[in-house]
Amino acid sequence: MPINIAERIHSIFGDNLIKKVMKNTGIVLFGNSTVSVLNLISFALMAKQLGPEYLAILVLAQTYALVVNDLFNIQTWESMLKFGFGKSDDMNINRVVKTNIALDFFSAMVAFIFAIIMLKPAMHIFKWDGAYYNVFLLYCFTIPFILTTFTIGVPRLFNKFGVIAKVFVAGAFLKLAGVIYAMYFSNELTSYIVVYFSADIFINLSLSIYSLKLLKDYCGSGWWRDRLNFDKKQMVFIWWTNLRTIVRIPVRHFDMIVISSILSMEMVGFYKVYKEIAGLINRVGEPVNQAIFPEFTRLLGNKEVGQTASVTKKAIFLLLVIGALITFSMLALSEVIMGAFFGSEYLTHIVVFKMLIILFGINFIIMPVNSLFIAAGFAKYSFFIVLFTNIVYIASIYSLGMSIGITGVVLAFAIQMLLNQGLKIYLLRKHKNEWGSIEK
């Protein structure tokens, strides 16, 4: 057994592609770790000042903007990476970029307009306090800046992970400075909203400006002159990935809305704190997805299915070791973390916090499955999987939430996550010979 483990470790670290993924992961991880620490300090300071109830207002304002953005703002970054390598004969990178940017700008403005139109009806339906209408309205103005071709696609396409990390670190410093200023000179909910709003705008705008520079450097100053080319395969891919984004809304954002509707605003604050801290595990794993997705698209573009499967297994093995260490460490320190950073009132539902840590730990380990599933061309399957599992989630979160409270919300998330990942693994194994060859 020790020999097998040693051989496996040697094969993992001897793989050039794994080395490249690890290098890019390390760059992003360093940035993400710095950002996570700074954001945790900002969030802890703000949460202590506002308390669970007022914290919930900020959380719901962010959630509303994100939900409307996911509904109406077309996400193009996955298309940028999948089709931006110029694999088809009649499409070059300039046309892919220009098509995606056109979709980005148009859909961002549509989402922004709908966010404003739907705000009052939404506040009435979910029984949110109308006195905070302007707080929700302000956060809607982040939507026009969410252009995923610029903020995600182009920098990753040109392997500029270090710059992405630097921008997010700068945004986190801006947020922390703003929170500290608000604590001493204002300490009102609106001030913290402005701080978070400004940091989001700064990050998205900075990445968009940098992406324009990259396009000029790599594609020439006239890249934008290429005609729009709405390639059928690209449009079908975007269609299914965006339908998947829409049907993922319940599991990504619905928990906060449901808690505010069936429990209390105070409970929204508690749950947000637990989810924010447990979610640090996912932030450690995000760099893996960011680094490995472009490599999957390159490998499968060259029909190297066996190498793709090998890289996936090695990545999961590494994440298993790292994930176990992180998860058990956080479980051991969970009460200390809550008491020291947020106060004794947040220890009330500490079991919920521990459950979320375990679930995020499991999700961390199998994270490469999500990237592989899309890179393999299974965007259509992904939509139906997410649709089915989120229908189950909505039914579960309401029934379990109303019967056993916040614990039921976490159990509903567990059911959805295990169904989602289990179905993806099953379909990847069943259609292994078809990875990258057809769109499913």
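Scope of this entry: the structure provided in the associated data block. (Residues numbered from 1 in each chain as written. Predicted model: local features only at pLDDT ≥ 70, side-chain atom pairs only at ≥ 80, totals over all residues. Heavy atoms only, no water.)

1. Some points on the overall build of the protein
In terms of regular secondary structure, the protein is built from 17 helices and zero strands. Look at the contacts in the protein between residues 6 or more apart in sequence, and 84% of them connect residues 24 or more apart. Carbon and sulfur atoms make up 67% of the accessible area of the protein, which totals about 19,300 Å². (Helix = DSSP H or I, 4+ residues; strand = E, 2+ residues; numbered from the N terminus. Contact = heavy atoms within 4.5 Å. Areas by Shrake-Rupley, 256 points an atom, 1.4 Å probe, with all protein chains shown as cover.)

2. Thoughts on empty space enclosed by the protein
Following the criterion strictly, the structure yields two cavities of 30 Å³ or more and no others. Of the volumes computed, that of the second largest cavity is approximately 50 Å³. Taken together, Val35, Ser36, Asn39, Leu40, Glu276, Ile277, Leu280 and Arg283 make up the full set of residues lining the second largest cavity. At the level of secondary structure, the elements contributing two or more residues to the lining of the second largest cavity comprise helix H2 (16-72), helix H11 (265-278) and helix H12 (280-301). For the lining of the second largest cavity, the element with the most residues is H2, which contributes four residues. Residues of the lining of the second largest cavity, tallied by class, amount to four nonpolar, two polar and two charged. (1 Å grid on protein atoms, 1.4 Å probe; cavity = no way out; pocket = protein on both sides within 12 Å on 5 of 7 lines; lining within 4 Å. Points joined across faces, edges and corners; volume = space filled by probe spheres on them. Nonpolar A, V, L, I, M, F, W, Y, C, P; charged D, E, K, R; others polar.)

3. What to know about the pattern of salt bridges
Tallied over the entire structure, the rule returns two salt bridges. Residue Glu335 pairs with Lys354 through a salt bridge whose shortest N-O separation is 3.7 Å. Here the residue Glu335 occupies a position in helix H13 (residues 305-341), and Lys354 occupies one in helix H14 (residues 350-365), the gap between them amounting to 19 residues. A residue is classified by how much of its surface remains accessible, and Lys354, at 29% relative accessible area, is partly exposed. (Salt bridge = Lys/Arg side-chain N within 4 Å of Asp/Glu carboxyl O. Buried < 20%, exposed > 50% of the residue type's maximum accessible area, 1.4 Å probe, protein only.)

4. Here we look at the side chain of Gln62
On the secondary structure map, Gln62 appears in helix H2. Taking relative accessible area as the criterion, Gln62 reaches 15% and is therefore assigned buried. There is a polar contact of 3.2 Å between the side chain of Gln62 and the side chain of Tyr139. (Polar contact = N/O pair within 3.5 Å; in protein donor to acceptor, adjacent residues only side chain to side chain.)

5. As for helix H4 (residues 93-125)
Between the first and last C-alpha of H4 there are 44 Å, a value that for 33 residues agrees with the 48 Å anticipated at 1.5 Å per step. The largest bend in H4 is about 45°, located at Leu119, with the proline Pro121 one to four residues further on. Looking one or two residues beyond H4, the residue adopting positive phi is Lys127, at roughly 60°. (Expected span 1.5 Å × (residues − 1). Bend = angle between axes of the 7 residues up to and from the residue.)

6. Observations regarding the nonpolar core
Counting residues in each nonpolar core, the largest one holds 98 residues, and the members touching the most others are Phe136, Met338 and Phe342. In terms of residues, this core owes the most to one element, H2, which gives 17 residues. Excluding its chain neighbours within four sequence positions, the residues that come into contact with Phe342 are Leu40, Phe43, Ala44, Ala47, Lys48, Val273, Ile277 and Ile337. The next biggest cluster of nonpolar side chains, apart from the first, holds 24 residues, and it includes Leu147, Leu157, Tyr210 and Ile374. (Core = buried A, V, L, I, M, F, W, Y, C linked by side-chain atoms within 4.5 Å.)

7. Thoughts on the packing of aromatic side chains
Overall, the coordinates contain nine aromatic pairs when judged by the stated rule. Geometrically, the ring pair formed by Phe72 and Phe114 is stacked, given 4.4 Å between the ring centres and 10° between the ring planes. Placement of Phe72 in helix H2 and of Phe114 in helix H4 is noted, with a sequence separation of 42 residues between them. When its relative accessible area of 27% is taken as the criterion, Phe72 is described as partly exposed. With relative accessibility at 34%, the residue Phe114 sits in the partly exposed group. Note on Phe112 and Phe141: the rings are 4.9 Å apart at their centroids and 65° apart in plane angle, and the pair reads as edge-to-face. With Phe112 in helix H4 and Phe141 in the loop between helix H5 (133-140) and helix H6 (148-157), this pair connects stretches of sequence that are 29 residues apart. (Phe/Tyr/Trp six-rings, centres within 6.5 Å; stacked < 30°, edge-to-face > 60°.)

8. A short note on the environment of Lys98
Secondary-structure assignment places Lys98 in helix H4. In this structure Lys98 comes out as partly exposed when scored by relative accessible area, which is 24%. Remark: the alpha-carbon pair of Lys98 and Thr149, spanning 51 residues in sequence, is separated by 9.4 Å.

9. A look at the environment of Ser382
As for its placement among the helices and strands, Ser382 is situated in helix H16 (residues 379-404). The class for Ser382 is buried, based on a relative accessible area of 1%. Put simply, Ser382 and Lys424 are 42 residues apart on the chain and 7.7 Å apart in space, counted from C-alpha to C-alpha. Those residues in contact with Ser382 that lie beyond four places of it in its chain are Arg244, Phe373, Ile374 and Lys424.

10. Some thoughts on the side chain of Ser191
Here Ser191 lies in helix H8 (residues 189-219). The exposure class assigned to Ser191 is buried, which follows from its relative accessible area of 18%. Setting aside its immediate chain neighbours within four residues, Ser191 contacts Ala182 and Ser186.

11. As for the packing of H4 against H6
Closest axis-to-axis distance for the H4/H6 pair is 10 Å, and the angle between their directions is 155°. Taken together, the axis directions place H4 and H6 in an arrangement best described as roughly antiparallel. For the element pair H4 and H6, the recorded crossing hand is right-handed. Here H4 contributes Ile93, Val97, Asn100, Ile101, Asp104 and Phe105 to the contact with H6, which in turn contributes Thr148, Thr149, Phe150 and Leu157. Of the residues contributing to the contact of H4 with H6, the split by class is six nonpolar, three polar and one charged. (Axes fitted to C-alpha atoms, helices over the stretch in contact; angles between N-to-C directions. Parallel < 35°, antiparallel > 145°, perpendicular 65-115°, else oblique. Left-handed = near helix turned anticlockwise from the far one by under 90°.)

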